[in-house]
Amino acid sequence: AEMVGSMMNGLQNGEFVDYYQPKYNTGTETIVGAEALVRWKKPDGEIIPPERFIGLFERNGFIRKLDFYMFERVCGFLAQAKENGETVLPVSVNFSRVHMHDLHFPQRLYGLTQKYGIDPKFLQIELTESAFVMDTKDFNKVVDKLHEYGFSVAVDDFGSGYSSLNLLSKVAV
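Now for a quick tour of the structure. Counting restarts for each chain: residues are numbered from 1 in the order of the written sequence. Confidence filtering applies because this is a predicted model: local features only for residues at pLDDT of at least 70, side-chain atom pairs given and counted only at 80 or more, and all residues used for totals across whole chains, interfaces and linings. For the side-chain quantities, the full set of heavy atoms in the structure was used; hydrogens and water were omitted.

**A word on helix α3 (residues 63-83)**
Quick reminder of the rule: Here a helix means four or more residues in a row that DSSP labels H or I, a strand means two or more in a row labelled E, and each is numbered from the N terminus. Take the number of residues in a helix, subtract one, and multiply by 1.5 Å to get its expected span. Relative accessibility decides the category of a residue: with a 1.4 Å probe and only protein chains considered, values under 20% of the type maximum give buried, values over 50% give exposed, and everything between is partly exposed.
Taking 1.5 Å of rise per residue, 21 residues should cover 30 Å, and α3 covers 30 Å from first to last C-alpha, within 8% of that figure. Every buried residue of α3 is listed here: I63, L66, D67, F68, Y69, M70, F71, V74, C75, L78, A79 and A81.

And the structure:
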């Protein structure tokens, strides 16, 4: 209950922080990208890991706001790197399955990339595997639209028991 009470304030006060975990190619021994991870940094300095709040936020719908907030943080991070003349590498951003019913979801993401001047090819939309356990009609439309805008789509938690090769082949275009 305490978490629900402080989640909106947390979002407004910038307590949800983006961390970047490098993706490393062992063959070339180079960093080829990163995955954006969210942590909740409370005003007292306590850092709450996502496994303590993501499930709750999925149930109460707050995950929609948090996912878009994180995506926008990543766009800002990439725009800053570009402005500084740094090499821009692709970043994967996790999204909850709740977005897979929203046919405007791809357009909203594309709009944010345009706002920050970022090519969608630098953003990989990572869906939790549980996204596959749902009505595939909407899911397929959303994934097709994401591909049309130039995003790549990946599946997280692969192998946790829900895999459908048919759906997987849909994503791996």
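**Describing helix α1 (residues 2-12)**
Condition: Note that the arc is computed from the directions linking the helix axis to the C-beta atoms. Here, residues are in contact when the closest pair of their heavy atoms is within 4.5 Å.
If you check which residues of α1 are buried, you get M3, S6, M7, G10 and L11. Axial view of α1: buried residues confined to an arc of 140°, hence all on one face. Opposite the buried face of α1, by more than 90 degrees, sit the exposed residues G5 and Q12. Considering only its buried residues, α1 is in contact with β1 (16-25), β2 (30-41), β3 (47-48), α2 (54-60) and α3. Two residues or fewer past α1, G14 is found with a positive phi of approximately 70°.

**Thoughts on the pairing of β2**
Note the cut-off: The criterion for strand pairing is that DSSP finds at least two bridges linking the strands in question.
Direction of pairing for β1 relative to β2: antiparallel, over a ladder of ten bridges. Its bridge partner lying in β2, Y20 is registered against A36. Count of turn residues in the β1/β2 antiparallel hairpin: four residues, of which E29 carries a positive phi of about 55°. By the bridge criterion, three bridges tie β2 to strand β4 (residues 91-95) in an arrangement that is parallel. In the sheet register, E35 faces β4, and the bridge partner there is S92. In this sheet, β3 lies alongside β2 in antiparallel orientation, the contact comprising two bridges. Looking at the pairing, W40 lines up with I48 of β3. Where β2 folds back on β3, the antiparallel hairpin that results is connected by five residues, among which G45 adopts a positive phi of roughly 95°.

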